[in-house]
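Architecture and fold: a report
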Amino acid sequence: MEQHTATDNHYTRGIADFVAALRYDAIPAEVIARIKLLILDSLGCAIFGAELPWSRILLDTLTRVDTTPGCTIWGTAEKLSAPHAALVNGTLVQSFELDDVHRVGVLHVGAVTLPPVLAIAELNPQMSGHDFLTACVAGYEIGPRVGMCMGPEHIGQGWHSGATVGVFSACAGAAAALRLPQDQVVHALGIAGTQSAGLMAAQFGAMVKRMHAGRAAQSGLYGALLAQSGFTGIVDVFENPYGGFCTTFSRSTDRFDRTQLTAGLGESFETLRIALKFYSCVGSNHTTLDAIRIMQARHPFGAEDVANILVRGSRVTMDHVGWPYVPQGMTSAQLNLPYCIATLLLDGDVFVDQFTEDKVADPDRMRIAALVGVAEDPAITARGARYRHMVHVIVSLRDGTRLEETVEAPRGSEDVFASAEDVIAKFRKLASRRIASAQVDRITAQVMDAERIESAALLARLLAATAQA
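Values in this document were obtained by computation on a predicted structure and should not be read as measured data. Sequence order as written defines residue numbering, which begins from 1 separately in each chain. pLDDT decides what is reported in this predicted model: residues at 70 or higher carry local features, side-chain atom pairs at 80 or more are listed and counted, and totals for whole chains, interfaces and linings draw on all residues regardless. Hydrogens and water are ignored here; the side-chain numbers use all heavy atoms of the structure.

Here the focus is the environment of Ser229. Helix and strand definitions here come from DSSP, where helices need a minimum of 4 consecutive H or I residues and strands a minimum of 2 consecutive E residues; each element is numbered from the N-terminal end. Assignment of secondary structure puts Ser229 in the loop between helix H11 (208-228) and helix H12 (245-250). Under the scheme applied here, a residue whose accessible area is under 20% of the maximum for its type counts as buried, over 50% as exposed, and between as partly exposed, the area being computed with a 1.4 Å probe on protein chains only. Here Ser229 falls in the exposed class, since its relative accessible area comes to 66%. The spacing of Ser229 and Glu78 is 151 residues in sequence and 28 Å in space, taken between C-alpha atoms.

Here it is as structure tokens:
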């Protein structure tokens, strides 16, 4: 073991310095504009997910053991203690594969950042709109950088980065919301980091995959609250060679890049590199679905016209979503690329109405999915994490026609970000299924004008299904 002391924590302290010192006036206007859209998108995902079966099982279970009427469970009339509210709300954001993604950092950022920040807002009604937005930016900045540090190999090894990396977004957001000083942020990061856990095998049909973000949100909240009370954590959580986050989760001394943790921090904002989803499935599938739509616009074809489809992409794409489809539940269907391609070809869309339990083993979907092959393109893999969703799709039709299309990034990505109108429309489409339209309008107005809110607790309470419409 190399010589190391706890004071060798340059990167951990660098993150803590940023979180403790960040103020609203230091955040560029374009970042403030973007964070509001990202917040609204995540809230819509959560409100829609409130009545899904796995969401109800989790909430019903926790309400039996937790009678603390502390914090709002979004899209419901329920309240729980702050840690359990963070757990449930994070799960709701991730409940139907609709939420944001930082592609390079491999992280769904809103699901882990917003629940602890809004829980703290309810505990501390003095939190202003300025402070709320600042705390959100802190969380949205840090988690993706940890993911960039670890690289796509992290998820390739079987760790679910939303759960492992996500604790640092949650912790940073919560620490900023509490206005913790630098030394307490260091401890908060160390408390959160040691709670990191999450296995990618959960993607093969398990409801628990939805809960990974919630657990990360809860762990980050615990980290900040405990540090505020003087509880200590691993002060060199990123640097320690034995049991530190980087070495342990990479199983190496060099398959990570700690410089990514702080390079450009406070100057180059990762918040602007977070993408939104307009398909109700894992982000790795979106470029292929866009490619097929582009080809259909150029040369119309449907499911029965297809002889076979080959998707060539990165190694991570092949491992993550490219396995031969076998019905194993809703989660597996939403993550499997051949199934999603079949859904698009048969239904013309891949949104919430296309994913129901009766369709998971639909013979037509399984038949079309069997025509899809997914293979690694070493040239795409070699382009690195930024291009991990890039695909080259080849469609062979029964009449002998061959169509090809390459897509580097999907609609809604940081390169082709959605308009405010598109984001608001998605929010309305999702939230209106659970709450009154007048309430949808009020939430939209509150988020889009968040810097003027006197108390962020007002927004948190407005997310309850019982709020006045």
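Let us look at the packing of aromatic side chains. Here a pair means two rings of Phe, Tyr or Trp (six-membered ring of Trp) with centres within 6.5 Å. Their orientation is stacked below 30 degrees between planes, edge-to-face above 60, and tilted elsewhere. Scanning the entire structure with this criterion turns up 11 aromatic pairs. Relative to Phe355, the ring of Phe96 has its centre 6.4 Å away and its plane inclined at 85 degrees; by these criteria the two rings are edge-to-face. Of this pair, Phe96 sits in the loop between helix H4 (82-93) and strand E3 (101-102) while Phe355 sits in the loop between helix H17 (337-347) and helix H18 (363-369), and the two are 259 residues apart along the sequence. Across this residue pair, the class does not change: Phe96 and Phe355 are buried.

Next up on the list: the packing of helix H1 (residues 10-21) against helix H10 (residues 182-193). Close contact between H1 and H10 brings their axes to 8 Å; oriented N to C, the two are set at 120 degrees. When the interaxial angle is binned, H1 and H10 end up oblique. When you trace H1 past H10, the crossing you get is right-handed. In this structure, H1 contributes Thr12, Arg13, Ile15, Ala16, Asp17, Val19 and Ala20 to the contact, and H10 contributes Gln182, Val185, Val186 and Leu189. Partitioned by chemical class, the residues of the contact of H1 with H10 number 7 nonpolar, 2 polar and 2 charged. In this analysis an axis means a line fitted to C-alpha atoms, helices contributing only their contacting stretch, and an angle means the value between N-to-C directions, from 0 to 180 degrees. What sets the label is the angle itself: under 35 degrees gives roughly parallel, over 145 gives roughly antiparallel, 65 to 115 gives roughly perpendicular, and the rest give oblique. Left-handed describes a crossing whose near helix is turned anticlockwise from the far helix by less than a right angle; the clockwise case is right-handed. A contact between two residues is defined here by any heavy atoms of the two lying within 4.5 Å. As a working rule, the residues Ala, Val, Leu, Ile, Met, Phe, Trp, Tyr, Cys and Pro are called nonpolar, Asp, Glu, Lys and Arg charged, and the rest polar, with Gly in that last group.

Between Lys or Arg on one side and Asp or Glu on the other, a salt bridge is scored when a side-chain nitrogen of the former is within 4 Å of a carboxyl oxygen of the latter. On inspection of all chains with the given rule, the structure shows 28 salt bridges. A salt bridge links Asp41 to Lys426, with the nearest nitrogen and oxygen atoms 3.0 Å apart. Taken together, the residues span a long stretch of sequence, with Asp41 in helix H2 (residues 29-49) and Lys426 in helix H20 (residues 420-431) at a distance of 385 residues. Here Arg103 and Glu414 are joined by a salt bridge, their closest N and O atoms 2.9 Å apart. With Arg103 in the loop between E3 and helix H5 (109-123) and Glu414 in the loop between strand E8 (402-407) and H20, this residue pair connects regions lying 311 residues apart in the sequence. Of the two residues examined, Arg103 and Glu414, each falls in the buried class.

This part is about the nonpolar core. Taken as a class, soluble globular proteins show a tendency for nonpolar side chains to be buried jointly. We call a set of buried Ala, Val, Leu, Ile, Met, Phe, Trp, Tyr and Cys residues a nonpolar core when their side-chain atoms join them within 4.5 Å. If you look at the biggest cluster of nonpolar residues, it comprises 156 residues, and the most contacted ones within it are Ile39, Phe132, Ile309 and Ile443. It is H2 that contributes the most residues to this core, 12 residues altogether. For Ile39, the residues in contact, after removing those within four places along its chain, are Leu114, Phe132, Leu133, Cys136, Tyr140 and Val447.

Pairing is mixed in the open sheet, where 4 strands are placed in the order E6-E5-E7-E8. In this open sheet, the two edge strands, each paired with only one partner strand, are strand E6 (372-376) and E8. With strand direction ignored, the average angle separating the axes of adjacent strands in the sheet is 15 degrees. Across 6 bridges, strand E7 (residues 391-397) lies against E8 in antiparallel orientation. The residue of E8 that forms the bridge with Val395 is Leu403. Its contacts with the sheet place helix H14 (residues 286-298) against strand E5 (306-313), E7 and E8, and it is angled at close to 135 degrees to E8. Pairs of strands are assigned from DSSP output, requiring at least two bridges between the strands.

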